Amino acid sequence: MMKYYTVVISGSDIFFENYSSIAPVVGFIACRLIKAQTDELAIATAKRDILVDWNRSFNADRKLGLPALHLEHIAPFKGWIKPKVHHDYYWFTDEAHKQRQIAAFIAAPKKWFWQK
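These numbers come from a predicted model, not from an experiment. For every chain, the first residue of the written sequence is number 1, and numbering continues from 1 along that sequence. Given that the model is predicted, a residue must reach a pLDDT of at least 70 before its local features are reported, and side-chain atom pairs must reach 80 or more before they are shown or counted; all residues, however, enter totals for whole chains, interfaces and linings. Side-chain metrics rest on all non-hydrogen atoms present in the structure, leaving aside hydrogens and water.

## Observations concerning the pattern of salt bridges
It is possible for side chains bearing opposite charge to pair when their charged atoms get close. Criterion for a salt bridge: a side-chain nitrogen of Lys or Arg within 4 Å of a carboxyl oxygen of Asp or Glu. The full count for this structure, using the stated rule, is two salt bridges. Across the pair arginine 48 and aspartate 49 runs a salt bridge whose closest N-O atoms are separated by 2.7 Å. Only protein chains enter the area calculation, which uses a 1.4 Å probe; residues under 20% of their type maximum are buried, those over 50% are exposed, and those in between are partly exposed. Classification of aspartate 49 as partly exposed rests on a relative accessible area of 29%.

## Quick look at the packing of aromatic side chains
Aromatic rings from Phe, Tyr and Trp, with only the six-membered ring used for Trp, were paired whenever their centres fell within 6.5 Å, and each pair was classed as stacked if the ring planes differed by under 30 degrees, edge-to-face if by over 60, and tilted otherwise. One pass over the full model with this rule turns up seven aromatic pairs. With a centroid separation of 6.2 Å and 20° between ring planes, the pair formed by tyrosine 89 and tryptophan 91 is classed as stacked. Grouped by ring-pair contacts, the aromatic residues Phe28, Trp54, Tyr89 and Trp91 constitute a single cluster. For a lysine, the NZ atom is tested; for an arginine, the CZ atom; a charge sits over a ring if that atom is within 6 Å of the ring centre and within 35 degrees of the ring normal. For arginine 32, the ring lying beneath its charged end belongs to tyrosine 89, and the centroid distance is 5.4 Å.

## Quick notes on the sheet that holds strand E4 (residues 90-92)
One open sheet accounts for four strands, arranged E3-E1-E2-E4; its pairing is antiparallel. The open sheet has two free edges, formed respectively by strand E3 (68-76) and E4, since each of these has just one partner strand. Adjacent strand axes in the sheet meet at a mean angle of 25° when their direction is disregarded. For two strands to count as paired, DSSP must find a minimum of two bridges between them. Only runs of H or I of at least four residues qualify as helices and only runs of E of at least two qualify as strands under DSSP, and these elements are numbered from the N terminus. Looking at chain direction, strand E1 (residues 3-16) and strand E2 (residues 25-36) are connected through eleven bridges and run antiparallel. Along E2, the bridge assignment pairs phenylalanine 16 with valine 25. Residue contacts are defined here by distance: any two heavy atoms, one from each residue, within 4.5 Å place the two residues in contact. Note on geometry: axes are C-alpha line fits, over the in-contact stretch for helices, and angles between N-to-C directions span 0 to 180 degrees. Each of E1, E2, E3 and E4 is contacted by helix H2 (residues 95-106), which is oriented at about 150° to E4, the strand it contacts most.

Function cannot be read off these values alone, since they describe shape.
Structure below.
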């Protein structure tokens, strides 16, 4: 049976020039909603999709390098309505910045205002 998984992947070891900030960008966070039979297959699919997208969009000229991908979080998606997934990358400049962004991705959804 196919289920949806929320997969959060971090990428590091890239060569990214950041002229708008003092701190250099050292990696990225990407969150994907993946439909798969097992969590291992969801992880593999998310990593493949990220690498394909990375090479098409950011690394077309092969100057940014191939990122080392690390699983940060995986969980079955629980909900009736799938969110629209934007295949965005969230850049981080250090480990603390990375952990703050990951915490935002894995936080429980906010409850409706009338629920306690």
